[in-house]
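What follows is each chain in one-letter form.
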Protein chains: 2
Amino acid sequence: MESMETWKAEAVVLANGEYPTNRLPLEVLSHASYVACCDGGADEYIRRGNLPDAIIGDGDSLSKENRLRCAQLLHRISDQETNDQTKAVHFLLAQGKQRIAIVGATGKREDHTLGNISLLIDYMRAGADVRTYTDYCVIIPCRDGQTFPCRPQQQVSIINFTACGLHAEGLVYPLSDFTNWWQGTLNECIGTEFSIEAKGEYLVIINH
Amino acid sequence: MESMETWKAEAVVLANGEYPTNRLPLEVLSHASYVACCDGGADEYIRRGNLPDAIIGDGDSLSKENRLRCAQLLHRISDQETNDQTKAVHFLLAQGKQRIAIVGATGKREDHTLGNISLLIDYMRAGADVRTYTDYCVIIPCRDGQTFPCRPQQQVSIINFTACGLHAEGLVYPLSDFTNWWQGTLNECIGTEFSIEAKGEYLVIINH
């Protein structure tokens, strides 16, 4: 069984969305052994007294001071087809860091939020064991059957991508092969774990 | 051609997400001839000196003062299967108000944001001419071919739901039959209008 308590990231990506305010993503960040910041995200991280291990991006949205000060940490990866979050994940995978937590990925532009959330499916396909911690939830890309620890009454959503035969144990409402995002939202845990059976890919969103 | 400038809502739904701060959704709200607030959303609307035409929900998240003061405006619609945004849209459709703008639908919990955005597709199926105005963009559910006014370099995203044969005129990057949300994000307008050809349903996100 996958345990949220025992899952520990080898590296954390601080993306370009809203800087986290909730205790959980902030702890993920403060306990990280390796932090890769997406460009402008580094400014606030540094302002709070930290130094990133790497800064991914073209440096355009970094303050001039930090661009000079952190020049040796800046990894310019030119690829118009991907965003900085994706560049950071691939940068970490290339170093053999597969267990990756992402924070700061949501909360501003909705197109970025949708993009960053849905990219988790692609990172899973690329071999990453990845999840996004927001101020409100943990978002986990999944393939086939999986089991998660939870609290009774904790709110859970299942967003279907390519899965069929979706079925859950330990959730209040039954699953089906959802064709629209909202259909799997606002489910609820019964006990201290829930399991999903399926063939294919989906996202699990567990609210804190 | 559908024009954003000439499109005018018959009614506005103020949902339960973050209260708008951008000029555009605030103007949509202030110019509305009819405003239906989703439960708690009414408190902030009233605090700013307005009176809603209807409040949809069970009143639980309304302040006690407003629950008493607006008792005659409160429409309790009990349906565990839908959220307050959906109840408000159906309430307006039942009154013959089909051109509906939604504000305040995003910006807090990601499960609510994803749910509220994807529900636009269902509202379109139910006959509504509906769009969501956020602080960053307008989100429009579409079926088959459509044309939109725009500014050169304005950022546009296409999120595919059931469409095939996706093709665009007037956008920088070519469309394809996207299977993941991020694939159609961050496109860009060339001139002062763009057209999408397709068979089926998709969302168009036009950043302000």
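Numbers given to residues run from 1 along each chain, matching the order in which its sequence is written. Each chain gets a letter, beginning with A, and each ligand a number, beginning with 1, in the order they are written. With the structure being a predicted model, the display of local features is reserved for residues of pLDDT at least 70 and the display and counting of side-chain atom pairs for 80 or more, all residues being used for whole-chain, interface and lining totals. Hydrogens and water molecules were not included; the side-chain quantities draw on all heavy atoms of the structure.

An unreviewed UniProt entry lists chain A under the name Thiamine diphosphokinase, with Bacteroides zoogleoformans given as the organism.

Comments concerning the sheet that holds strand β12 (residues 193-199) of chain A
All names here are of chain A. One open sheet holds the three strands; their spatial order is β8-β12-β10, and the pairing between them is antiparallel. The outermost strands of the open sheet, each flanked by one partner alone, are β8 (146-149) and β10 (164-169). Going from strand to strand, the sheet's axes swing by 15° on average, the running direction of each strand aside. By the bridge criterion, four bridges tie β10 to β12 in an arrangement that is antiparallel. If you follow A168 over to β12, its bridge partner there is I196. Strand pairing is defined by DSSP finding a minimum of two bridges between the two strands. Secondary structure follows DSSP: runs of H or I at least 4 residues long count as helices, runs of E at least 2 residues long count as strands, and numbering of each begins at the N terminus. Every axis in this analysis is a line fitted to C-alpha atoms, fitted for helices over the stretch in contact. Angles between the N-to-C directions lie between 0 and 180 degrees.

Description of the relation of the copies chain B and chain A
Superposing the copies works by least squares over the C-alpha atoms of residues that have pLDDT at least 70 in both of them. Take chain B, turn it by 180°, move it 0.0 Å along the axis, and it overlays chain A with an RMSD of 0.0 Å. On this basis, the relationship between the two copies can be described by a two-fold rotation axis. It is G107 of chain B whose C-alpha, among those of chain B, lies nearest the rotation axis, at 2.9 Å. Only heavy atoms matter for contacts: two residues are in contact if any of them lie within 4.5 Å across the pair. Of all interface residues in chain B, 100% are interface residues in chain A too; the two copies therefore contact each other through one and the same surface.

Topic: the UniProt feature "domain: Thiamin pyrophosphokinase-like substrate-binding" (unreviewed entry) in chain A
UniProt positions are given in the numbering used here, feature names are shortened, and annotations may be inferred rather than shown by experiment. As annotated in UniProt, the feature "domain: Thiamin pyrophosphokinase-like substrate-binding" (unreviewed entry) corresponds to residues 139-204 of chain A in the numbering used here. End C-alpha atoms of residues 139-204 of chain A are separated by 6 Å, and the span's content is 0% helix alongside 52% strand.

Let's talk about the pattern of salt bridges
Side chains that differ in sign of charge can pair as their charged atoms come close. By convention in these notes, a salt bridge is any Lys or Arg side-chain nitrogen within 4 Å of a carboxyl oxygen on Asp or Glu. Applying the stated criterion across every chain yields a total of 14 salt bridges over all chains. Notably, a salt bridge pairs E27 of chain A with R23 of chain A, separated by 3.0 Å at the nearest N-O pair. Within this pair, E27 of chain A and its partner R23 of chain A are both found in helix α1 (residues 23-30), separated by four residues, close to a single helical turn. Given a relative accessible area of 29%, E27 of chain A falls into the partly exposed group. Note that E44 of chain B is salt-bridged to R48 of chain B, the shortest N-O span being 2.7 Å. Several salt bridges converge on common partners, so that one network encompasses E44, R47 and R48 of chain A. With a 1.4 Å probe rolled over the protein chains alone, any residue whose accessible area is under 20% of its type maximum counts as buried; one over 50% counts as exposed, and the rest are partly exposed.

Some details on the environment of A105 of chain A
All names here are of chain A. Within the fold, A105 resides in the loop between β5 (99-103) and α5 (110-125). A C-alpha to C-alpha distance of 14 Å links A105 and Y45, two positions 60 residues apart in sequence. In contact with A105, not counting residues within four places along its chain, are A15, Q85, H112, T113, N116 and T132.

Some points on the interface of chain B and chain A
Across the contact, 29 residues belong to chain B and 29 residues belong to chain A. The term buried area denotes the loss of accessible surface (1.4 Å probe radius) that occurs when two parts are joined, taken as the sum for both partners. Taken as a group, E110, W181 and W182 of chain B account for 26% of the area that chain B buries against chain A, more than any other trio of residues on that side. Linking chain B with chain A are zero salt bridges, by the criterion used here. Polar contact criterion, stated in full: a pair of N or O atoms within 3.5 Å, where within protein one must be able to donate a hydrogen and the other to accept it, and residues adjacent in sequence count only if both atoms are side-chain atoms. Across the contact surface, chain B and chain A share 14 residue pairs in polar contact (both at pLDDT 80 or more). Within the residue set of the side of chain B that touches chain A, elements represented by two or more residues are α5 (110-125), β9 (155-160) and β13 (201-207) of chain B. With 10 residues, α5 of chain B is the largest single contributor of residues to the side of chain B that touches chain A. Grouping the amino acids of the side of chain B that touches chain A by side-chain chemistry returns 12 nonpolar, 11 polar and six charged. The nonpolar class holds Ala, Val, Leu, Ile, Met, Phe, Trp, Tyr, Cys and Pro. Asp, Glu, Lys and Arg form the charged class, and all remaining residues, Gly among them, are polar.

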